[in-house]
Amino acid sequence: MSEVLRVLLVDDQPIIRSGFAMMLSVEDDLEVVGEAADGREAIELARAQRPDVIVMDVQMPVMDGIAATREIVAEELGRVIILTTFDADSYLFDALRAGASGFLLKNAEAEQLVEALRAVGHGHALLAPEVTKRVIEQMSAPGAGGGAGATGAGAPTGGAHAELLAHLTDRELDVLRLIGAGRSNSEIAADLLIGAATVKTHVSSIFAKLQVRDRVGAVIIAHESGVVGGG
């Protein structure tokens, strides 16, 4: 991946695309390489431009953002951040099932969007705090049957959790509990009085040992296994 992250903006409202483009134009490490007004156009542009990150609206004509995300992820055309005014659970979980790497609401601060682009562009999953909370609540609810497969987070299910968790060190279990509670890496570092680089090392090790690709999968295992909240 190049040092400058290539960004594709997808929204059916030109004024919103223009606003995002203007906002990102002042960032030296972010370059807008295209704009699309619907999901089908987004797929075509992604094939042509090969962006690092695609900022995707949900409700659009021709093809919606969820369907476009599913196809983009399947073809490995870029990582997707869903950005929408809609915060209903159906959009959230549909986006995660489709393989989105991030989910932010349109009322997020400009700094949050920029940080999200950088995080997702460099291979990390990112959920807005309110989205992480909703995932946690969904996974902790009595009778919640979504499991890892429902979110598309790649987490194993059932008795496999205990076997995987057995590979974690005590410190990694501490970090997993905090991930499950929705803490960011910087918050985990402060809570455990360790360095940010150490947290990143622990998080990477946890993902590998639990066989998940991102924080969503770790949150699910943390709750389903009872590491957090007595799942």
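Read on for an overview of the structure. Because the structure is a prediction, the values reported are computed rather than measured.

### Concerning the overall build of the protein chain
So, point 1. A count of helices and strands for the protein chain gives 12 helices and six strands.
So, point 2. Long-range contacts, defined here as pairs at least 24 residues apart, represent 67% of the contacts in the protein chain between residues at least 6 apart.
So, point 3. Accessible area of the protein chain: about 10,500 Å², with a carbon and sulfur share of 51%.

### Remarks on the nonpolar core
So, point 1. Formed by 28 residues in total, the largest nonpolar core has its most connected members in V10, I54, M56, I72 and I82.
So, point 2. At the level of elements, strand 1 (5–10), helix 2 (39–49), strand 3 (53–56), helix 3 (65–74), strand 4 (79–84), helix 4 (89–98), strand 5 (102–105) and helix 12 (215–224) are the ones that each hand at least two residues to this core.
So, point 3. Counting residues in each nonpolar core, the second largest holds 23 residues, with A189, L192, I206 and I221 among its members.

### Considering helix 9 (residues 170–180)
So, point 1. Inspection of helix 9 places E172, L173, V175, L176, L178, I179 and G180 among the buried residues, and these make up the whole buried set.
So, point 2. The first or second residue beyond helix 9 is G182, which carries a positive phi of 90°.

### Examining the environment of Q59
So, point 1. Residue placement: Q59 occurs in the loop between strand 3 and helix 3.
So, point 2. Between the C-alpha atoms of Q59 and T84, which are 25 residues apart in sequence, the distance is 8.2 Å.

### Concerning the pairing of strand 4
So, point 1. Within strand 4, five of the six residues are buried, which leaves it mostly tucked inside the rest of the structure.
So, point 2. Of the pairings in the sheet, the one linking strand 3 to strand 4 comprises four bridges and is parallel in character. Across the sheet, the residue bridging to V53 is R79, located in strand 4.
So, point 3. A crossover connection joins strand 3 to the parallel strand 4 through helix 3; in handedness this β-α-β unit is right-handed.
So, point 4. In the sheet, strand 4 pairs with strand 5 via four bridges, with the strands oriented parallel. For I81, the partnering residue across the bridge sits in strand 5 and is G102.

### As for unusual backbone geometry
So, point 1. A positive phi is found at R50, a non-glycine position, where the angle reads about 50°.
So, point 2. With respect to the helices, strands and loops of the structure, R50 is situated in the loop between helix 2 and strand 3.
So, point 3. If you check the backbone angles, L193 has positive phi at about 55° while not being a glycine.
So, point 4. Within the secondary structure layout, L193 lies in the loop between helix 10 (185–192) and helix 11 (196–210).

### Overview of the pattern of salt bridges
So, point 1. Applying the stated criterion across every chain yields a total of nine salt bridges.
So, point 2. One salt bridge connects D174 with R177, and the closest N-O pair in it is separated by 3.1 Å. In this pair, D174 and R177 both sit in helix 9, three residues apart, roughly one turn of the helix.
So, point 3. On the basis of relative accessibility, which here comes to 28%, the residue D174 falls in the partly exposed class.
So, point 4. Taking the relative accessible area as the measure of exposure, R177 reaches 37% and is therefore partly exposed.

Cut-offs used in this document
Residues numbered from 1 in each chain as written. Predicted model: local features only at pLDDT ≥ 70, side-chain atom pairs only at ≥ 80, totals over all residues. Heavy atoms only, no water. Helix = DSSP H or I, 4+ residues; strand = E, 2+ residues; numbered from the N terminus. Contact = heavy atoms within 4.5 Å. Areas by Shrake-Rupley, 256 points an atom, 1.4 Å probe, with all protein chains shown as cover. Core = buried A, V, L, I, M, F, W, Y, C linked by side-chain atoms within 4.5 Å. Buried < 20%, exposed > 50% of the residue type's maximum accessible area, 1.4 Å probe, protein only. Pairing = 2+ DSSP bridges. Right-handed = clockwise from strand over helix to strand, strands pointing away. Salt bridge = Lys/Arg side-chain N within 4 Å of Asp/Glu carboxyl O.

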